[in-house]
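Below, each chain spelled out in residue letters.
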Amino acid sequence: MLELRFIRDNIDLVKEKIKMRGITNSRIDEFVDIDRNRREQLSEVEGLRNRRKIVSQEIAELKKNKENADDLILEMRKVSDRIKELDASLAAIEEDLQSIVMEIPNLCHDSTPPGNDDSDNVEIRTWGNPTQFSFQPKAHGELGEADGTLDFKRAAKISGARFALLKGFASRLERALINFMLDLHTQKHGYTEVLPPFLVNTETMTATGQLPKFEEDLFKTSVSERDLWLIPTAEVPVTNIHRNETIAPDDLPIKYCAYTPCFRSEAGSYGRDTKGLIRQHQFDKVELVKFTTPETSDEELEMLLADAEEVLQLLELPYRVVVLCTGDLGFSATKTYDIEVWMPSQNTYREISSCSNFLDFQARRGGIRYRPKGEKKSALVHTLNGSGLAVGRTLAAIYENFQQEDGTITLPEVLKPYFERRF
């Protein structure tokens, strides 16, 4: 979240940045009025407390001299009643103000291009050429159903729509991709692998920005009056590893990678990508998370993007990189690159990774700090994350780009060692 004082002192900038995101129902105008009322009441209550302190000394002096203090005592009772009234009012105002602050998105980076939606995203580069076939390529879902490796009907019987049952080759390929991605990021890119909980509490969801804004997109469980949420991405538990901690400056940057299943209700997305593995309620992902200093976060974003890109390069999958426009930017992000992999059956690129810089937006919510060398006060870290990659979508891309005319699927060279191991 943004700092309250920053919003107050830069209200025109905040309004403009919100407008650039295409948000029309913001409560930012309410913030101005409520904050003004808050400061007026604070001034009044501070004046009353100061008056009570002075008069209390006068009353004590009068009583000491055995003089009448009834009028002053009566006045102080009224002052105390007014202070209680103002304290209650201020508590309600603070709660309302905080709810508004929690709804204000991060400020988009100055380098983020203006735009309304994903059609205004800007292509940065492409890698590889779109795969060409001497036959009509099939969609991954059709290929998987034909050879029995992707079973959507039985998954629907088990759980409902937007679930997949992987069998045989598909199951093995999913496992190979997870291991390949983790090996690459830990052994070459220097990330520390972690395996976090898949169920998290409300404070954890709030720290990374999923709550309160995106509650309808989440799966929630309640056991013994304890609310727990299924994670929508490993970003949530991994970023919270250092919640309410002060990190030693020599430990930065910290780089974590994690494989987790992810769970999303996809509220409001019905009718889109209903076939195949592109938009599922449950899917696997390898996530990259960084904690760094403000001075290096821009550079770390570029390196994070390169780490995610290398996965696709080694898998020989054509892709492009786009920078998201202001209207397509995520709530907590200041700048985001999307990597989009080529999907032959759709004759287009589809998102397979998002790499974002959040500046101190998440760190302020989560109380994640570090102590700069030579400074007495601690400061907020910057957090970043990116998919490295979404495993199900990578599997879908391999099915489509490595399909043969007879419907079989060949393997990228880099994955063959994961299939050749024998016991």
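1. Observations concerning the side chain of Thr-383
Relative to the helices and strands, Thr-383 resides in strand 16 (residues 382–390). Setting aside residues no more than four positions away along its own chain, Thr-383 makes contact with Thr-239, Lys-290, Phe-291, Asn-357, Phe-358, Leu-359 and Gln-362.

2. Brief notes about the pattern of salt bridges
Applying the stated criterion to the full structure yields 27 salt bridges. Residues Asp-87 and Arg-49 are paired through a salt bridge, measuring 2.9 Å at the closest nitrogen-oxygen approach. Taken together, the residues Asp-87 in helix 4 (residues 70–103) and Arg-49 in helix 3 (residues 28–64) connect sequence positions 38 residues apart. Exposure remark for Asp-87: the relative accessible area of 33% places this residue in the partly exposed category.

3. Regarding unusual backbone geometry
Along the chain, Leu-211 connects to Pro-212 via a cis peptide bond; the corresponding omega equals 5°. With respect to the element layout, Pro-212 can be found in the loop between helix 8 (202–207) and strand 6 (219–223). Leu-252 connects to Pro-253 through a cis peptide bond whose omega is 0°. If you trace the backbone, Pro-253 turns up in the loop between strand 8 (246–247) and strand 9 (254–263). With a phi close to 60°, Lys-66 is a non-glycine residue in the positive phi region. You can see Lys-66 is positioned in the loop between helix 3 and helix 4.

4. As for the state of the cysteines
Applying the stated rule across the entire model yields zero disulfides. As a non-bridged cysteine, Cys-108 has Cys-325 as the owner of its nearest cysteine sulfur, 9.9 Å distant. Overall, the relative accessible area of 3% leaves Cys-108 in the buried class. Cys-262 takes part in no disulfide bond, and the closest cysteine sulfur to it belongs to Cys-257, at a distance of 14 Å.

5. Brief notes about the packing of helix 2 (residues 11–20) against helix 3
Running from N to C, helix 2 and helix 3 cross one another at 160°; their axes reach a closest spacing of 10 Å. Regarding the angle of helix 2 to helix 3, the classification is roughly antiparallel. Here helix 2 runs over helix 3; the crossing is right-handed. Contact with helix 2, carried on its side by Ile-11, Val-14, Lys-15 and Ile-18, involves Ile-28, Asp-29, Phe-31 and Val-32 of helix 3 and no other residues of that element. Its residues assigned to classes, the contact of helix 2 with helix 3 shows six nonpolar, no polar and two charged.

6. Section: helix 7 (residues 169–187)
In this model helix 7 runs 26 Å from its N-terminal to its C-terminal C-alpha over 19 residues, within 8% of the 27 Å that 1.5 Å per residue would give. Looking at helix 7, one finds that the buried residues are Ala-170, Leu-173, Glu-174, Ala-176, Leu-177, Ile-178, Phe-180, Met-181, Leu-182, Leu-184 and His-185.

7. Concerning the packing of aromatic side chains
A complete count under the given rule lists nine aromatic pairs for this structure. Between Phe-169 and Phe-419, the ring centres sit 5.8 Å apart and the planes meet at 40°, which makes this aromatic pair tilted. With Phe-169 in helix 7 and Phe-419 in helix 13 (residues 416–420), this pair connects stretches of sequence that are 250 residues apart. Pairwise contacts between aromatic rings join Phe-169, Tyr-399 and Phe-419 into one cluster. Taking NZ or CZ as reference, Lys-255 lies 4.7 Å from the ring centre of Tyr-191, over its face.

What counts, and where the lines are drawn
- Counting restarts for each chain: residues are numbered from 1 in the order of the written sequence.
- pLDDT decides what is reported in this predicted model: residues at 70 or higher carry local features, side-chain atom pairs at 80 or more are listed and counted, and totals for whole chains, interfaces and linings draw on all residues regardless.
- Working from all heavy atoms in the structure, the side-chain values ignore hydrogens and water.
- Helix numbering and strand numbering both begin at the N terminus, where a helix is a DSSP run of H or I of at least 4 residues and a strand a DSSP run of E of at least 2.
- What makes two residues a contact is simply this: any of their non-hydrogen atoms within 4.5 Å.
- Salt bridges, as used here, are contacts in which a Lys or Arg side-chain nitrogen is within 4 Å of a carboxyl oxygen on Asp or Glu.
- Only protein chains enter the accessibility calculation, which uses a 1.4 Å probe; a residue whose area is less than 20% of its type maximum is buried, one above 50% is exposed, and one in between is partly exposed.
- Criterion for a disulfide: a pair of cysteine sulfur atoms within 2.5 Å.
- A fitted line through C-alpha atoms serves as each axis, taken over the contacting stretch for helices, and the angle formed by two N-to-C directions is quoted from 0 to 180°.
- By definition in this entry, angles of less than 35 degrees are roughly parallel, angles greater than 145 are roughly antiparallel, angles of 65 to 115 are roughly perpendicular, and the rest are oblique.
- Whether a crossing is left-handed or right-handed is set by the direction in which the near helix is turned from the far one by less than a right angle, anticlockwise for left-handed and clockwise for right-handed.
- Amino acids outside the nonpolar list (Ala, Val, Leu, Ile, Met, Phe, Trp, Tyr, Cys, Pro) and the charged list (Asp, Glu, Lys, Arg) are all regarded as polar, and Gly is one of them.
- A helix is expected to reach a length of 1.5 Å times the quantity of its residues less one.
- Only Phe, Tyr and Trp rings are paired, with Trp represented by its six-membered ring, and only when their centres lie within 6.5 Å; those with planes under 30 degrees apart are stacked, over 60 edge-to-face, the remainder tilted.
- Geometrically, a charge over a ring is one whose NZ (Lys) or CZ (Arg) sits within 6 Å of the ring centre while staying within 35 degrees of the ring normal.

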